[in-house]
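Structural features, examined
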Amino acid sequence: MPFDQEVRDALIEQVRRFVTEICVPAEAQVSETDEVPQSIVDEMKNLGLFGIAVPEEYGGLQLDMETECLVALELGQTSPAFRSVAGTNIGIGSQALVLFGTEEQKQRWLPGVASGDLIASFALTEPEAGSDAAGLKTKAIRDGDHYVLNGTKRYITNANKADIFTTMARTNPDEPGARASRPLSSGGTRPASPSVCRKKMGQQGAHICDVIFEDARVPAANMIGKEGEGFKVAMSVLDKGRLHISAVATGVSKRLIREMVNYALERKQFGKPIMEHQLIQAMIADSQAETYAAECMILDAARRRDAGEDVTLLASSTKLFATEASGRVADRAVQVFGGAGYVADYGIERFYRDVRIFRLYEGTSQIQQIIIARELARAAKSGKL
C-alpha cells in the first residue's frame, strides 16, 4: 500500500531541514575528527531514521521502497558519513531479520534496531571473499544448541559500534557455496572481536573494521532462515540495498550540481562568469541529465518493487548507472571548480573521495554487469525478454 502522501511530504521536509541545518554545517568537523557528533546521532534517532525500513509493530516507520529512496536522496545531499551511521540498521544489517526472521527474533532485536539503541552490522566480506560470496571460509559448526563460529570478516561497516552481527558463514564446509547460511550473533554474547578501524580514502566519520570470530558460540536459535538458505537471504536483501545506495549516490550528485552552478555563476574568467563558457555549461548539463535519469530509474524500480515485481534486473541496472554517474559528476565538479576543487576549502575534493565507494558497495559495478547479463539471458530463455 503506498505511503500516505501528506506524511511522506512532512517526513521529506524534516529530513531536508535536518540535512541543511544540522549536517551540512558539521561536514568539515566530521571529516577532521572522523566522528559524527553524538548530538547528530541523537537527532537521527528522534527523526526515526534508524527504523525507516523496520515494520511499525516493532517500532519502525515501515517506509515503502519509494519513500525510503526519497529519504535517501535527501540524506545523500550531505556527507555520506551521516547516512552511514544508520545505514546498516536501515539496510543489510537488519533486513534479513525483517524479511526472514522468526517472530521471536524480530521481537527481540528489531525494536532496538528501529530506535537506534542497537546497531546492526552485516558481516559478509572476507580476505578472500567479497564479490564471490560463495567463496567465504568462515565456518559455523553445529554443537548442540549452538553454532561455533570461526573466521575473519573484512571491511565491516559499523563493526566497532555494532551490537548484533548478521553473519554469513558456511555451515557445512564440505558443501558448495550455496550451502552458506547466516546465523545472527546477538549483542548479549559478544562473539565478535572487531579490530582497529581501517583508514579509508573517504567517508571519514563512517567506520569499517575487520571482525574476528574465534570459537564464538552463537545460539542455534539465532539462525535467520533455514540452514543452507544464506545465499537466497543475502540476494533478497541486496536488491533493496542497491536501490537505497543508488538514491544516496544520486543525492550526492544533486548536491554537487548545485555547488557547480553556484560557483560557476560567481567565478569569473576572461571577463565573465564561467557559467557563460560553453564547455563549463556542457559539463554541468551532462551532470544534470545523468542525475535526472538516475533519479527516474531509482523511483521507477522502487515503485515496481513496492508493487511486488521482481526487480533484480532493474536494481542492478539502476545501481550500475547511478553510482557510475555519481563518479562522473564528482569528477566534473572538481574540473568546474579548478584548483579550488582540488584543495579542501570547498569540500569538493571530499565528495570526490566519498563517492568512490558507491561503485563497490552492494556489489561492484562489474558484478552488476554480470547480474544484468545473467538476468537478460534468463529472461530470453524463458520467452519473457
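In short, a report on the structure. (Residues numbered from 1 in each chain as written. Predicted model: local features only at pLDDT ≥ 70, side-chain atom pairs only at ≥ 80, totals over all residues. Heavy atoms only, no water.)

It is worth spelling out the overall build of the protein at this point. Helices and strands together make up the secondary structure of the protein, namely twelve helices and eleven strands. Taken over the C-alpha trace, the protein has a radius of gyration of 21 Å; the compact-globule value for 385 residues is 21 Å, and the two agree within 12%. For the protein, restricting intrachain contacts to residue pairs at least 6 apart in sequence, the fraction spanning at least 24 positions comes to 75%. Surface summary for the protein: the accessible area is close to 17100 Å², and the carbon and sulfur share equals 52%. Of the charged side chains in the protein, 45 are positive and 51 negative; the average position of the first set lies 5 Å away from that of the second. (Helix = DSSP H or I, 4+ residues; strand = E, 2+ residues; numbered from the N terminus. Rg over C-alpha atoms; globule rule 2.2 N^0.38 Å. Contact = heavy atoms within 4.5 Å. Areas by Shrake-Rupley, 256 points an atom, 1.4 Å probe, with all protein chains shown as cover. Lys, Arg positive; Asp, Glu negative; His and termini not counted. Charge placed at Lys NZ, Arg CZ, Asp CG, Glu CD.)

All right, on to the nonpolar core then. With 64 residues, the main nonpolar core has Phe18, Leu49, Cys69, Val71, Leu256, Met260 and Phe358 as its most contacted residues. Of all the elements in the fold, those that place two or more residues in this core are helix 1 (5-33), helix 2 (38-47), helix 3 (65-75), helix 4 (80-90), helix 7 (230-266), helix 8 (278-306), helix 9 (312-337) and helix 11 (348-354). Examining the composition of this core, we find that eleven residues originate from one element, helix 7, more than from any other. In this structure methionine 260 touches Ile284, Ser287, Val329, Arg332, Ala333, Val336 and Phe337, once residues within four positions along its chain are discounted. (Core = buried A, V, L, I, M, F, W, Y, C linked by side-chain atoms within 4.5 Å. Buried < 20%, exposed > 50% of the residue type's maximum accessible area, 1.4 Å probe, protein only.)

As a further point, take the packing of helix 2 against helix 4. The interhelical angle for the contact between helix 2 and helix 4, taken along N-to-C directions, is 55°, at an axis separation of 11 Å. Judged on the interaxial angle alone, helix 4 and helix 2 are oblique. In the packing of helix 2 onto helix 4, the handedness of the crossing is right-handed. Residues Ile40, Val41 and Met44 of helix 2 touch helix 4, and the partners they reach there are Phe82, Val85 and Ala86. When grouped by side-chain class, the residues that make up the contact of helix 2 with helix 4 number six nonpolar, no polar and no charged. (Axes fitted to C-alpha atoms, helices over the stretch in contact; angles between N-to-C directions. Parallel < 35°, antiparallel > 145°, perpendicular 65-115°, else oblique. Left-handed = near helix turned anticlockwise from the far one by under 90°. Nonpolar A, V, L, I, M, F, W, Y, C, P; charged D, E, K, R; others polar.)

Positive phi, normally seen in glycine, also occurs at tyrosine 155, with a value near 60°. Note on placement: tyrosine 155 falls in strand 3 (residues 146-157). For glutamine 203, which is not glycine, the phi torsion reads 50° and is therefore positive.

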